[in-house]
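Below, each chain spelled out in residue letters.
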Amino acid sequence: REVFRAHRHALAQDERRPARSIPLQMARLTRVVPPLPQTERGAFCPVNTDSPGERILYCNGTNVLWRSLEPLINGGEKPEDIFTWKGHSKRTTVAAMTPNSQWVVSGDVSGAIRIWGAKGDNIQKNEFKLWDGAVKDASWSSDSTRIVASGDGKETRACAIIADTGSKTGEVGGHAKQINSVSFRSQRPFRVVTGGEDMLVAFHQGPPFKYAKSHNTHANFVNCVRYSPDGDFVVSAGADSKLCLYEGKEGDLLKEFEKPAGIAGSLWAAAWSPDSAKVVTAGGDKKLRIWDREAGAQVCEAQVGTAQLEDMLVGVAWPTANRIISVCLDGRILLWDVDASGAATLAATVDGTQGPLTCLACDAATGALIQAGGDGFIAATWPDQAPRKAKVGKSIQHILAHGPGFAGPPEAWVFALDDCARNLSLEGCVFSGEPVAIKEFVVGVAWLDQQETRAIIAGGKNSFHCLGAGGLEWTKPDAVSRRPTSIATSPGTGRMAIALERPEGMVSAGVQNSQFDIHLFNIGDAGSADGITPGNVLQGHLKEVTAMKFNPAGDLLASADSGNKIMVWSCSADGTATLAIAEWVLHTARVTCLDWLAGGRRLVSGSLDQLVYVWDADKPSDKIKIAEAHKAGVSAVVSCGEKSFASVGNDGFLRVYQID
């Protein structure tokens, strides 16, 4: 009873006490660079738009994205021009919007489709499991109430359903193998056409739908089938380079388009012009081709790039009379201007990266962001400019960019899984010179001198390597007793920190060692391996140290581990360091990255829990939380100034924030 009375008294006192004025801060999203469409070699990539032709819809990872076309053409894409729907838990494969622009259907590799709103809160309306394999294509009826989908099921490979209930309206069959593509006739009587890997084009009448007839005109896989907007015709594109035309209502074969000289490889995708007079195809021979329906022949062709493998076209859409959209194998989105005669000219290229992003750096002098991931591509994103990319071919693990004091041209060092270092010129996003062989897995890399002409590499075999403009300058084998897990340097103060794995063995019966040390080193002469001398050892982490960073002044060292703990150490001039902050434990999973903002008092952290925090070393209890920063986890953060930072994650997005 006494405890209860004391509690009531305390509450009453709190109610009478005036509220404190607490300054609120937030991180405002200022730029978003989304991933490009996810493609697969040897597969058709569905690309769709809304009915007015103002937005492009595509899939990447477990997300569905749409982007406004106007800023892609004219530049100046803003965060509000990009929308991401994150409702799928498996990799998405296709997305299509209803003719009335109210709903979207999206499918994934598990055979599930989800129907969700294209406006408002984008709530999910329904989810239906169609089969066990991937959903390859989907199409809406003209009244926006019916859906037909195709894919790779064991017994069922296509179906037509009511969007509101999931009730099947007949059977869509006639194929013995995977059905790559499906299309719904927009006019009544409704028809459905399918094309599959059994080389057949099949027509179905309904509803309720049932098999009517099929054609074996193609000598290889049928990759894409599409009804014309007026419903009078169907076109099929195949891996045999054939383009065939059918009557839309009865499904009779009308003609095979005349093959132009030099055509080779698969026709991966096809799309009709809005007036149903022409067809555009995306070809494996790296050419965009436009065909005239009446003449049954090609009227225009356009070569993509330099006809490299990445230039292969795998998806295409024709949303408006003067605009064609195509997608390359490396995900590039090409926007074409089309005149009345059918001639196409390239108007804009949207470049970037496709896969999850694992590393990020910022060139302080220019503000250019450099991001890369496991797909072997690296992109340089300058302020107010579209990304430009270069190909490494191997998964990229680390990027080392320059700070504000560097006197040379904008460049960065790139480290990939082939154990090589490459110098990237940021002005043209091209590699210069030959790769430098490290011959050891690169655990981490940091600048060794204040001029940023030498970098020190912590290797997976316990070695240190010094990298200069001319290549490796020196190597120090067995520099540490155990494998490093992270590295950080402060060239201005001559400090270096190396985090190590725990020692092998048990501390007692059945109890594993949890000694994850941070070893401090003194940087004397950066030009010699003997100039790196050991100093103190910091202890406190009970999990593997995953990230470390000195602040610009070098008096604070932040370290984070695979649990959820972030520690800040105060570094003295005599080389000692003491624990200053240990209560930053709000992450709920592995902390993957750290970086200090330019002022050196605010720390940004990212984690697999999808959260980004901004901490204040002067006010440890103050923080800014960014929830759901990156689906599937944050992989890297980098400072872009006193109040600006960027992050990348396993969702493939680059996001830039401003602290207000």
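Overview of the structure.

Cut-offs and rules
- Residues numbered from 1 in each chain as written.
- Predicted model: local features only at pLDDT ≥ 70, side-chain atom pairs only at ≥ 80, totals over all residues.
- Heavy atoms only, no water.
- Pairing = 2+ DSSP bridges.
- Helix = DSSP H or I, 4+ residues; strand = E, 2+ residues; numbered from the N terminus.
- Axes fitted to C-alpha atoms, helices over the stretch in contact; angles between N-to-C directions.
- Salt bridge = Lys/Arg side-chain N within 4 Å of Asp/Glu carboxyl O.
- Buried < 20%, exposed > 50% of the residue type's maximum accessible area, 1.4 Å probe, protein only.
- Polar contact = N/O pair within 3.5 Å; in protein donor to acceptor, adjacent residues only side chain to side chain.
- Contact = heavy atoms within 4.5 Å.
- Lys, Arg positive; Asp, Glu negative; His and termini not counted.

### Details of the sheet that holds strand E54 (residues 623-626)
Then comes step 1: Strands sit in the order E51-E52-E53-E54 across an open sheet of four strands; the sheet is antiparallel. The two strands at the open ends of the sheet, each matched to only one other strand, are strand E51 (591-596) and E54. The sheet shows a mean angle of 15° between the axes of neighbouring strands, direction not considered.
Then comes step 2: As judged from the four bridges shared by strand E53 (residues 612-616) and E54, these two strands associate in the antiparallel manner. Counted as the bridge partner of Trp615 is Lys623 from E54.

### Here we look at the pattern of salt bridges
A side chain of one charge can pair with a side chain of the opposite charge if their charged atoms are brought near each other.
Then comes step 1: Scanning the model with the defined rule gives 26 salt bridges in all.
Then comes step 2: In this structure, the salt-bridge partner of Arg226 is Asp137, at a minimum N-O distance of 3.0 Å. Pair noted here: Arg226 is in strand E17 (residues 222-227) and Asp137 is in strand E10 (residues 135-140), with a separation of 89 residues, a long-range link.
Then comes step 3: The exposure class of Arg226 is buried, given its relative accessible area of 16%.
Then comes step 4: Between Lys213 and Asp252 there is a salt bridge, with the nearest N and O atoms lying 2.6 Å from each other. Pair noted here: Lys213 is in strand E16 (residues 210-215) and Asp252 is in the loop between strand E19 (243-247) and strand E20 (253-256), with a separation of 39 residues, a long-range link.
Then comes step 5: Through salt bridges with shared partners, one network takes in Asp311, Asp330, Arg332, Asp351 and Lys389.

### Observations concerning the side chain of Asp517
Then comes step 1: Looking at the secondary structure, you find Asp517 in strand E45 (residues 516-523).
Then comes step 2: Separated by 2.6 Å, the side chains of Asp517 and Gln515 make a polar contact.

### Examining the sheet that holds strand E27 (residues 333-338)
Then comes step 1: With respect to topology, four strands assemble into an open sheet ordered E25-E26-E27-E28, the strand pairing being antiparallel. Since the sheet does not close on itself, it has two edges, and those belong to strand E25 (313-320) and strand E28 (344-350), each with one partner. Between one strand and the next, the sheet's axes are offset by a mean angle of 25°, whatever the strand orientation.
Then comes step 2: As judged from the five bridges shared by strand E26 (residues 323-328) and E27, these two strands associate in the antiparallel manner. In the strand pairing of E27, Ser326 is matched with Leu334.

### What to know about the environment of Lys389
Then comes step 1: Mapped onto the elements of the fold, Lys389 is located in strand E32 (residues 388-391).
Then comes step 2: On the basis of relative accessible area, Lys389 is assigned to the buried category, the value being 15%.
Then comes step 3: For the pair formed by Lys389 and His465, sequence separation is 76 residues and the distance between their alpha carbons is 28 Å.
Then comes step 4: Among residues more than four places away in sequence, those in contact with Lys389 are Leu36, Asp330, Arg332, Asp351, Gly352, Phe377, Ile378, Ala379 and Cys429.
Then comes step 5: Looking at Lys389, its side chain comes within polar contact range of the main-chain oxygen of Asp330, at 3.2 Å.

### Focus on the side chain of Asp240
Then comes step 1: Position of Asp240 among the secondary structure elements: in the loop between strand E18 (233-238) and E19.
Then comes step 2: The buried charged residue Asp240 lacks any salt bridge partner; its closest oppositely charged side chain belongs to Lys242, at an N-O distance of 4.4 Å.
Then comes step 3: In this structure the side chain of Asp240 is engaged in a polar contact, spanning 2.7 Å, whose partner is the backbone nitrogen of Ala219.
Then comes step 4: In this view, Asp240 contacts His218, Ala219, Asn220 and Lys259; residues no more than four positions away in its chain are not counted.

Function cannot be read off these values alone, since they describe shape.
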